[in-house]
Amino acid sequence: MKQQGVSLSNKELLSMFEKMLLIRIFEDKIHALFAQKLIPGTTHVCQGQEAVSVGVISNLSKEDVITCTYRGHGHSLAKGIEPKKVMAEIFGKSTGCCKGKGGSMHITDLSVGALGSFAIVGAGIPVAAGAGLSFKYRHLNHAAVAFFGDGASNIGAFHEGVNFASVLKLPVVFVCENNLYGEYSPLMKTTSVPNIADRASAYGINGIVVDGNDVLEVYRVSKGAIDDARAGKGPTLIECKTYRQKGHSRTDPGKYRPDSEVREWMERDPIRLFGDYLRSNGIMDRSSEEAMSSRVNQVVEEAYQFALDSPYPSENELESNVYN
Amino acid sequence: MSSKVMSTININYRSAIRFALREEMKRDDRVFLLGEDIADAGGVFKVTEGLLSEFGPSRVIDTPISETAIVGAALGSALMGLTPIAEIMFSDFTAVAMDQIANQVAKYSYMSGGQAHVGVVIRAVSGGGISFSAQHSQSLEAWFAHTPGLISIMPSNPRDAKGLLKSAIRCGRPVMFFEHKALYPMEGLVPESEELIPIGKSEIRKEGEDLTLVGASSTVATCLEAASRLESNGIHSEVIDLRTLSPLDSKTILGSVEKTGRLIVVEEDVGFCGWGAEIAAQAADKSLYYLKSPVKRVSAPYAPIPFSPALEKMYMPSAEKVYAAAKLLVQGS
Ligand SMILES: Cc1ncc(C[n+]2csc(CCOP(=O)(O)OP(=O)(O)O)c2C)c(N)n1
Ligand SMILES: [Mg+2]
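My aim in this report is to walk through the structure given alongside it, one point at a time. (Residues numbered from 1 in each chain as written. Chains lettered and ligands numbered in written order. Predicted model: local features only at pLDDT ≥ 70, side-chain atom pairs only at ≥ 80, totals over all residues. Heavy atoms only, no water.)

Concerning the nonpolar core
Piece 1. Leu21 and Val60 of chain B are the most contacted members of the largest nonpolar core, which has 78 residues in total.
Piece 2. Residues within four places of Val60 of chain B in sequence aside, it is in contact with Met25, Leu33, Ile38, Ala39, Leu51, Leu52 and Phe55 of chain B.
Piece 3. By size, the runner-up hydrophobic cluster in this structure holds 65 residues, among which are Ile39, Ala78, Val215 and Met292 of chain A. (Core = buried A, V, L, I, M, F, W, Y, C linked by side-chain atoms within 4.5 Å. Buried < 20%, exposed > 50% of the residue type's maximum accessible area, 1.4 Å probe, protein only. Contact = heavy atoms within 4.5 Å.)

See below:
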């Protein structure tokens, strides 16, 4: 890992690390709670992919917006939704960011520019294009980022959304998190090209492959794309090569993946890589790391308590908000 | 039901569907499966487990996440003489393929002046009750019933699931086959020998003379549970299992309504413009003078299905709601 072409202060670097750690601890907690059957429905956790959400979103301001997927806790936290509101939502409590009506797959908070977690594969991609259209329309200097998986690049919404944004030169960045699998299917079995970024050329935009476990690389490359978007140069497709450390959903143990592959990727854990970098460059010492870790653990525990203590939505919520 | 002794096996709804697929694939090598994660993984709900090793990858095809292509390719292959069975992992995702389903598959036969039979079966997993939120829990059968050209089937038990799916595969017409996700573990007796259950025929699950309860898929069990509680209150209800939504077996339903004079339709989908409304309208149209009380529907409110288990429970039809509605109809209190 290196900090080439990236000018971030130590404070900013540490804050990125803390965000990644928050996502990791949060997801570990969700995973454990789900296994104990304390969380209803289903969950899709994102351990191993924290460098993508944090690397990209560290370039965004509150006015910029994102769309993400059912695997969206990480993006939602990175974009600034309060952890307790995310946790309460996952528990289906009235204090959740969606009053418990959306759940794990639909974490949304417009007030911080988290336009939504879309559980229909690909659905968030054209929506991000539309957000970009609004920025262009109003001559605002903002950007929209769509996060989606490798598997999503096979659905019509991806192709239509990317072409649309390209033709209209919209301030959008398409970030594909290639974690090598769509559910239980390896990418090679379902996808005609080895690199999703190759698909950019079909729509006349730049496609860039990045090491998605290197948060500084993700930061650097997405910064360029976001700057281009803001400058009116149109969209970019960034493919972040990464890995989903857990199974697809719920308690899927992910047994369809070769052990050696899992092991190799675990060695390239994005938090470990970034931690090593910060330590070896004297940016993070043991005591600051411990302080950070206990802070993050406390935030997650408080979020959990908050969710537990919160009430379920009352009956009048059943038919409210149908039209707002 | 025939009283002939037949040998049966006890299997669940999931296995019953798998048995139907296997038998039909063995019988006719034009029958093949396509869908997301159905081959190696055996499907998200494990319905197609084992079929890849039995029939090979040319007949059990894993597809990209491309619902439009899945349904469109099913149509194209059917026009060329194959019998595709497409799996749509959650029926909510039919929305992604809706053009192919509603504009292409459903209309092909008619618009071509009957040149082709479109033998496409689309298996889609529907229903709520397990906190899967608003995009993985819907009961959208009415969308399809509203589209002429599609047959819509909603089996409520393992035996029907098997017998109806086999009929669907053989009928040479476009069929939407809705499997309720909460029913997959449900066990029941299924004949060992081949059984084809006719499309378009409802089944009277329980006879009674005080009121008629109509359910389909998951709500048949809801009706039966309510019926048994009503029975202990001296109210004898007749329970009709729709089995096929379209074409609708109006004869059986209205025959029962004319006998009992009371009707409650129990459906999991949104009541407004749901299929219960059609049945209520038919009762008003054809059997009005037999009715002793207003027609009632126990259905979902006008809202997407909520995630929170607390709200979802209120949202879903239940035996309690049916019981309460029935008591009110029959006893007026
Ligand atoms: C239109 C649609 N089809 C299928 C699904 C079921 N499904 C949910 S996630 C998923 C895999 C998506 O893979 P990918 O885009 O690589 O994202 P990842 O889960 O790896 O983050 C599938 C098939 C869905 N939600 N929506
Ligand atoms: Mg993936």
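Moving on from the model shown.
A word on the sheet that holds strand 6 (residues 151-153) of chain B
All names here are of chain B.
Piece 1. Taken in spatial order, the 7 strands line up as 3-2-4-5-7-6-12 in an open sheet, and their pairing is mixed. With partners counted over all chains shown, the strands left at the sheet margins are strand 3 (60-62) and strand 12 (244-246), one partner each. In this sheet, adjacent strand axes meet at a mean angle of 20 degrees when their direction is disregarded.
Piece 2. Both strand 4 (residues 83-88) and strand 5 (residues 121-126) contribute to a ladder of 4 bridges, which runs parallel. (Pairing = 2+ DSSP bridges. Helix = DSSP H or I, 4+ residues; strand = E, 2+ residues; numbered from the N terminus. Axes fitted to C-alpha atoms, helices over the stretch in contact; angles between N-to-C directions.)

Observations concerning the coordination of the magnesium ion (ligand 2)
Angles at a metal have ideal values that depend on geometry: 109.5 degrees with four tetrahedral donors, 90 or 180 degrees with six octahedral donors.
Residue and element names in this part refer to chain A.
Piece 1. Of the protein atoms, only Asp150 (OD), Asn179 (OD1) and Tyr181 (O) coordinate the magnesium ion (ligand 2), at distances of 2.0 to 2.2 Å.
Piece 2. Between consecutive donors of the magnesium ion (ligand 2), the numbers of intervening residues give the motif D-x28-N-x1-Y.
Piece 3. Given the relative accessible area of 6%, Asn179 is considered buried. (Donors = N, O, S within 2.8 Å, 3.2 Å for Na, K, Ca; no water.)

Considering the sheet that holds strand 4 (residues 172-178) of chain A
Residues and elements named next belong to chain A.
Piece 1. Ordered by their spatial adjacency, 6 strands build an open sheet running 2-1-3-4-8-7, and the pairing between neighbours is parallel. Lying at the two open borders of the sheet, with one neighbouring strand each, are strand 2 (114-118) and strand 7 (206-211). Strand-to-strand, the axes of this sheet are offset by a mean angle of 15 degrees, without reference to chain direction.
Piece 2. As paired elements, strand 1 (residues 65-69) and strand 2 share 3 bridges and run parallel to each other. Residue Ile66 lies in a different strand from strand 2, and its bridge partner there is Ala114.

Overview of the layout of surface pockets
With a probe scaled to a water molecule rolled over the atoms, the places where space remains empty come into view.
Piece 1. Taken as a whole, the second largest pocket spans an internal volume of roughly 560 Å³.
Piece 2. Lining the second largest pocket are 24 residues; nearest its centre among them are Cys98, Lys101, Gly102 and His106 of chain A together with Ala134 of chain B.
Piece 3. Here the lining of the second largest pocket takes 4 residues from strand 2 of chain A, the largest share from any one element.
Piece 4. Here the residues of the lining of the second largest pocket sort into 13 nonpolar, 8 polar and 3 charged. (1 Å grid on protein atoms, 1.4 Å probe; cavity = no way out; pocket = protein on both sides within 12 Å on 5 of 7 lines; lining within 4 Å. Points joined across faces, edges and corners; volume = space filled by probe spheres on them. Nonpolar A, V, L, I, M, F, W, Y, C, P; charged D, E, K, R; others polar.)

With respect to the side chain of Asn157 of chain B
All names here are of chain B.
Piece 1. Considering the arrangement of structural elements, one finds Asn157 in the loop between strand 6 and helix 6 (158-170).
Piece 2. We classify Asn157 as buried; its relative accessible area is 13%.
Piece 3. Here the side chain of Asn157 touches Asp160 through a polar contact of 2.9 Å, landing on its backbone nitrogen.
Piece 4. Excluding its chain neighbours within four sequence positions, the residues that come into contact with Asn157 are Tyr13, Met186, Arg205 and Asp241. (Polar contact = N/O pair within 3.5 Å; in protein donor to acceptor, adjacent residues only side chain to side chain.)

A closer look at the environment of Asn10 of chain A
Piece 1. With respect to the helices, strands and loops of the structure, Asn10 of chain A is situated in helix 1 (residues 10-35).
Piece 2. Each C-alpha atom of the pair Asn10 of chain A and Glu50 of chain A lies 19 Å from the other, and the pair is 40 residues apart in sequence.

Examining the interface of chain B and chain A
Note on interface size: it is often stated as the accessible area lost on association of the parts.
Piece 1. Contact with chain B, which involves 32 residues of that partner, is made by 37 residues of chain A.
Piece 2. Of all residues in chain B, Ile65, Phe307 and Leu311 of chain B bury the most surface against chain A, accounting for 23% of the area lost on that side.
Piece 3. Here chain B is connected to chain A by 2 salt bridges.
Piece 4. A salt bridge links Asp40 of chain B to Lys189 of chain A, with the shortest nitrogen-to-oxygen separation between them at 2.7 Å.
Piece 5. Summed over the shared surface of chain B and chain A, the result is 12 residue pairs in polar contact (both at pLDDT 80 or more).
Piece 6. A total of 5 residues in the side of chain B that touches chain A trace back to one element, the largest contributor, which is helix 10 (residues 309-315) of chain B.
Piece 7. The residue makeup of the side of chain B that touches chain A, split by class, is 21 nonpolar, 7 polar and 4 charged. (Buried area = accessible area lost by both parts, 1.4 Å probe. Salt bridge = Lys/Arg side-chain N within 4 Å of Asp/Glu carboxyl O.)

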